[in-house]
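Here is how the chains run, residue by residue.
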Amino acid sequence: MPYLDVNDTTLYYEDEGTGPALLLLHGWGTSGRVWGAQLPDFTRDHRVVTVDWRGCGRSARPLRGNTTAGVVSDLVALIGALRLDRPVVVGSSIGATFGTELGVRRPELISGVIAVDGSGYWPSTGLPMTELMAGLRLDRAGTLAGWVPGWYAPGTSPALVDWTVRQILDSGVHIDQHFISAGSYDPRPLLPGLQVPIHYLHGELDTSIPLEVARTCAALTPGAEVGVIPGAGHMPQQERPDAFNAALRSALARIAPAAPHAHS
């Protein structure tokens, strides 16, 4: 099994295919498995790396480092250890925050960012962070069972919702620390000065992070556009994979002219 030791923790990753490099980052509490519907398509002509970031999936569950800065530091180490040649970072939900922060802090390491239903600035809708954290601490399974179905558009397969809940329950409890900073995170002042391109893909029906968040961020980001996935909620790569994959290819084509090809 491919594991990598970085920053006093151990990360699980998968690295398949050859071509321009993609680094796929899952959202809070899930794992690299959320990209299963993308791998068969994109590994045909890309080097695709998925990683379970610290605390999640098959990676270790350390007490410390469960912050945006901690995860970004892990990703910098991962890019170096795997000799990824300026990958495009595709981040889902808080994974988009990690990608954005890579673009802010280490733009020389990546070619661009594609933010998939990224949290950007946290909107006023949704559960208050303190209430959510208390619920997770007191009744983790019950809180997730009530919260996670709202990530998806109406009519989503109950099996997909249940599988998402199971992934989160299998991850560590220390990742809840991310909610402490999520409520105040706001990249908008930094977006006009970004040195790497960012494009936004967003589910039309996302109620967790409304479409207006992506549109607001894109308006501040030089050259950015928003691709809307019709009929999808917060997890369009799983809900509408064919439409999502087409939108992702379109976004990559906009970034690709400035991106060098990775060496396998």
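Everything that follows concerns the structure shown earlier in this document.
These lines cover the structure that appears in this document, whether it is placed above or below. (Residues numbered from 1 in each chain as written. Predicted model: local features only at pLDDT ≥ 70, side-chain atom pairs only at ≥ 80, totals over all residues. Heavy atoms only, no water.)

**Focus on the overall build of the protein**
For step 1, the next point in the chain: The helix and strand tally for the protein stands at 10 helices and 8 strands.
For step 2, the next point in the chain: Over its C-alpha atoms the protein spans a radius of gyration of 17 Å, differing by no more than 12% from the 18 Å that the globule rule assigns to 264 residues.
For step 3, the next point in the chain: Projected onto the principal axes, the alpha-carbon positions of the protein cover approximately 50 × 40 × 35 Å.
For step 4, the next point in the chain: Looking at the protein as a whole, 56% of its 264 residues are labelled buried.
For step 5, the next point in the chain: Within the protein, the 25 negative side-chain charges are centred at a point lying 3 Å from the centre of the 19 positive side-chain charges. (Helix = DSSP H or I, 4+ residues; strand = E, 2+ residues; numbered from the N terminus. Rg over C-alpha atoms; globule rule 2.2 N^0.38 Å. Buried < 20%, exposed > 50% of the residue type's maximum accessible area, 1.4 Å probe, protein only. Lys, Arg positive; Asp, Glu negative; His and termini not counted. Charge placed at Lys NZ, Arg CZ, Asp CG, Glu CD.)

**Looking at the sheet that holds strand β6 (residues 112-116)**
For step 1, the next point in the chain: The strand order across the open sheet built from 8 strands is β1-β2-β4-β3-β5-β6-β7-β8, with neighbouring strands paired in mixed fashion. Whereas interior strands pair on both sides, the edge strands pair on one side only; in this sheet they are β1 (3-6) and β8 (226-229). Strand-to-strand twist across the sheet, computed as the mean angle between neighbouring axes with direction ignored, equals 25°.
For step 2, the next point in the chain: Summarising the sheet, β6 and strand β7 (residues 198-203) pair through 4 bridges and their orientation is parallel. Looking at the pairing, Ala115 lines up with Tyr200 of β7.
For step 3, the next point in the chain: Helix α3 (residues 94-105) contacts β3 (21-25), β5 (88-92), β6 and β7 of the sheet and is inclined by roughly 150° relative to β5.
For step 4, the next point in the chain: On the sheet, helix α8 (residues 211-220) packs against β7 and β8 and is oriented at approximately 165° with respect to β8. (Pairing = 2+ DSSP bridges. Axes fitted to C-alpha atoms, helices over the stretch in contact; angles between N-to-C directions. Contact = heavy atoms within 4.5 Å.)

**Topic: the pairing of β3**
For step 1, the next point in the chain: Among the 5 residues that make up β3, 5 are buried, leaving the element largely enclosed by the rest of the structure.
For step 2, the next point in the chain: Of the two faces of β3, the one carrying Ala21, Leu23 and Leu25 and the one carrying Leu22 and Leu24 are both buried.
For step 3, the next point in the chain: As judged from the 5 bridges shared by β3 and strand β4 (residues 47-52), these two strands associate in the parallel manner. Bridge assignment links Leu24 to a residue of β4, and that residue is Thr50.
For step 4, the next point in the chain: Strand direction decides the pairing type here: β3 and β5, joined by 4 bridges, are parallel. Looking at the pairing, Leu23 lines up with Val89 of β5.

**Looking at the pattern of salt bridges**
For step 1, the next point in the chain: For the structure shown, the criterion picks out 12 salt bridges.
For step 2, the next point in the chain: The salt bridge involving Arg47 is made with Asp15; its shortest N-O contact spans 2.7 Å. Residue Arg47 is found in strand β4, and its partner Asp15 is found in strand β2 (residues 9-16); the two are separated by 32 residues along the sequence.
For step 3, the next point in the chain: Relative accessible area serves as the criterion here: at 27%, Asp15 is assigned to the partly exposed category.
For step 4, the next point in the chain: For Arg44, the salt bridge goes to Asp41, with nearest N and O atoms at 2.7 Å. (Salt bridge = Lys/Arg side-chain N within 4 Å of Asp/Glu carboxyl O.)

**Details of helix α2 (residues 68-81)**
Quick reminder: α-helices carry 3.6 residues per turn. Residues three or four places apart thus point the same way.
For step 1, the next point in the chain: End to end, α2 covers 20 Å across 14 residues, agreeing with the expected 20 Å (1.5 Å per residue, within 8%).
For step 2, the next point in the chain: All of the buried residues along α2 are Thr68, Gly70, Val71, Val72, Asp74, Leu75, Leu78 and Ile79.
For step 3, the next point in the chain: Here the buried face of α2 lies against β1, β2, β3, β4, α3 and α7 (178-182).
For step 4, the next point in the chain: Positive backbone phi, approximately 55°, marks Arg83, located one or two places after α2. (Expected span 1.5 Å × (residues − 1).)

**Observations regarding the pairing of β4**
For step 1, the next point in the chain: The buried fraction of β4 amounts to 6 of the 6 residues, a majority that puts the element mostly inside the structure.
For step 2, the next point in the chain: Burial of the side chains of β4 extends over both faces: Arg47, Val49 and Val51 are buried on one face and Val48, Thr50 and Asp52 on the other.
For step 3, the next point in the chain: Summarising the sheet, β2 and β4 pair through 5 bridges and their orientation is antiparallel. Opposite Asp15, over in β4, you have Val49 as the bridge partner.

**A closer look at the packing of aromatic side chains**
For step 1, the next point in the chain: According to the stated counting rule, one finds 7 aromatic pairs in the structure shown.
For step 2, the next point in the chain: Summarising the aromatic geometry, the rings of Trp35 and Phe244 are spaced 6.4 Å apart at their centres and angled 40° between planes, so their arrangement reads as tilted. Note that Trp35 is positioned in the loop between β3 and α1 (39-42) and Phe244 in helix α10 (residues 241-255), a separation of 209 residues in sequence.
For step 3, the next point in the chain: Here Trp147 and Phe179 contribute two aromatic rings whose centre-to-centre distance is 6.0 Å and whose plane-to-plane angle is 65°, an arrangement assigned as edge-to-face. Highlighted residues: Trp147 in helix α5 (residues 140-147) and Phe179 in helix α7, separated in sequence by 32 residues.
For step 4, the next point in the chain: With relative accessibility at 5%, the residue Phe179 sits in the buried group.
For step 5, the next point in the chain: The ring of Tyr121 has Arg188 sitting right over it, with the charged end atom 3.6 Å from the ring centre. (Phe/Tyr/Trp six-rings, centres within 6.5 Å; stacked < 30°, edge-to-face > 60°. Lys NZ or Arg CZ within 6 Å of the ring centre and 35° of its normal.)

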